[in-house]
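Below, each chain spelled out in residue letters.
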Amino acid sequence: MGDMTKLLLFRAVLEAAEREGLQARAVSTGAALMRTLEAARERHPRAVRNLRGAGTIIAFDCETPEMRDELAAALRNNGVLVGTNGSQSIRFRPALIFGDEHVDEFEGVFAATLRQLAL
């Protein structure tokens, strides 16, 4: 059955997620983040390709591993924490409290970073 303390903690987390509407928030925020990345893909097709995801768990590929590393490092230096996966993928796995205001902030930083790197 497991440790009863961990079960109680898990139950509290589930109750908080339901009470605060975090699942619905992840769906709507993920849609806004996807729209932002789709727009970036239109302007920077080498930097944003193979866009995919569900909710706020989103990933895309860059044209080359070197481009992915350069973009991920520049985003980190500009205050955006992203993960890397495989040889060319950048991924987002933000906290459940990530909201539309964060997407708006990300949109500006992402656009500026892509311009900075001339991608």
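Now for a look at the structure at hand. Fair warning: this is a prediction, and the values are worked out from it, not measured in the lab. (Residues numbered from 1 in each chain as written. Predicted model: local features only at pLDDT ≥ 70, side-chain atom pairs only at ≥ 80, totals over all residues. Heavy atoms only, no water.)

A look at a nonpolar patch on the surface
- On the surface, a cluster of nonpolar side chains totalling about 280 Å² of accessible area is made up of Met4, Leu7 and Leu8.
- Inspection of the secondary structure assignment puts methionine 4 in helix α1 (residues 4-19). (Patch = residues over 30% accessible without salt bridge, like charges linked within 9 Å, V, L, I, M, F, W, Y side chains within 5 Å. Areas by Shrake-Rupley, 256 points an atom, 1.4 Å probe, with all protein chains shown as cover. Salt bridge = Lys/Arg side-chain N within 4 Å of Asp/Glu carboxyl O. Helix = DSSP H or I, 4+ residues; strand = E, 2+ residues; numbered from the N terminus.)

Some remarks on the packing of aromatic side chains
- Across all of its chains, the model carries 4 aromatic pairs by this definition.
- Between phenylalanine 60 and phenylalanine 92, the aromatic rings sit 6.3 Å apart at their centres with planes inclined by 35°, giving tilted as the arrangement. In this pair, phenylalanine 60 sits in strand β2 (residues 57-61) while phenylalanine 92 sits in strand β4 (residues 89-92), placing the two residues 32 residues apart along the sequence. When sorted by exposure, phenylalanine 60 lands in the same class as phenylalanine 92, which is buried.
- By way of ring pairs, the aromatic residues Phe60, Phe92, Phe106 and Phe110 are connected into one cluster. (Phe/Tyr/Trp six-rings, centres within 6.5 Å; stacked < 30°, edge-to-face > 60°. Buried < 20%, exposed > 50% of the residue type's maximum accessible area, 1.4 Å probe, protein only.)

Description of the environment of asparagine 85
- Inspection of the secondary structure assignment puts asparagine 85 in strand β3 (residues 83-85).
- Take asparagine 85: its relative accessible area is 46%, and that puts it in the partly exposed class.
- Separated by 73 residues in the primary sequence, asparagine 85 and alanine 12 place their C-alpha atoms 32 Å from one another.
- Filtering out sequence-adjacent residues up to four positions away, asparagine 85 remains in contact with Arg68 and Arg91. (Contact = heavy atoms within 4.5 Å.)

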